[in-house]
Amino acid sequence: MADRRLTAALQAAREGDEGAFRQVFHAVHPRLLGYVRTMVTGPDAEDVTAEAWLHISRDLPRFSGDADRFRGWTHRIARNRALDHLRARGRRPQECCAEDAGLTELPAGVDTAEAAMEAVATSRVFDLVATLPREQAGAVVLRAMLGLDAKRAAVVLGCRPGAVRTATHRGLRRLAQLVAERHDHDPAGPQAAPVGAVRPAVPGPVTKTGRAAQ
């Protein structure tokens, strides 16, 4: 969904339009789930994402901003839910990587990695991204796949913009290697089902009574 249409659907969803909320959900959910899968493994990722959507639905009437700001907001909520999940299971959340001095912008070579990402299905890219260190995976999803700038991605990840740039650079470089290796091993490759093909029930926008509309 184009940003202008998503922004319009957001406005309608904030006012209680269930059809608009479904449009927003289907536009954002696949990559939100893919992002959670970079932090939480197995079927728990779908449960965490569903919890994030309940939070999003509840707080949507108070949200203010366009489609780009909404993406950052929803991914910050999903990250917080994922971190809560990891803590509840006694796993220490991994911090964003340290910033490399002198690395302030992504080098031109990153274009090769982004081209490699575009050469495979989105679901297969998420499978590869999930194999990266967690801080690199999160940075790649937010910057290269969602298009957030370093400052907004840093807010979501809870670290400095320079650290996000470093993590993105390292993650994309490694991702390009993984894509090349997979292509050499199996040029055709199996066709994976789209990310989010199996989706949780779409939560309805929360009404004034505090209950989600069905």
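Note that the structure is a prediction, hence the values are computed from the model and not measured. (Residues numbered from 1 in each chain as written. Predicted model: local features only at pLDDT ≥ 70, side-chain atom pairs only at ≥ 80, totals over all residues. Heavy atoms only, no water.)

1. Topic: the pattern of salt bridges
Taken as a whole, this structure holds 10 salt bridges when the rule is applied. Among the ionic pairs, E18 bridges to R22, the shortest N-O distance being 3.7 Å. You can see E18 and its partner R22 sitting in helix α2 (residues 18–37), four residues apart, about one turn around the helix. As a salt-bridge pair, D84 and R87 come within 3.5 Å of each other at their nearest N and O atoms. Taken together, the residues span about one helical turn, with D84 and R87 both in helix α4 (residues 67–88) at a distance of three residues. Owing to a relative accessible area of 37%, D84 belongs among the partly exposed residues under this scheme. Counted as one network, the salt bridges with shared partners bring together R58, D59 and R62. (Salt bridge = Lys/Arg side-chain N within 4 Å of Asp/Glu carboxyl O. Helix = DSSP H or I, 4+ residues; strand = E, 2+ residues; numbered from the N terminus. Buried < 20%, exposed > 50% of the residue type's maximum accessible area, 1.4 Å probe, protein only.)

2. Let's talk about the packing of aromatic side chains
One pass over the structure, following the stated rule, counts five aromatic pairs. Plain terms: the ring middles of F21 and W53 are 6.2 Å apart, the flat faces sit at 80 degrees to each other, and that makes the pair edge-to-face. Here the residue F21 occupies a position in helix α2, and W53 occupies one in helix α3 (residues 44–59), the gap between them amounting to 32 residues. Using a relative accessible area of 1% as the deciding quantity, one classes F21 as buried. On the basis of relative accessibility, which here comes to 0%, the residue W53 falls in the buried class. Centroid distance F63 to F70: 5.4 Å. Interplanar angle 75 degrees. Geometry classified as edge-to-face. (Phe/Tyr/Trp six-rings, centres within 6.5 Å; stacked < 30°, edge-to-face > 60°.)

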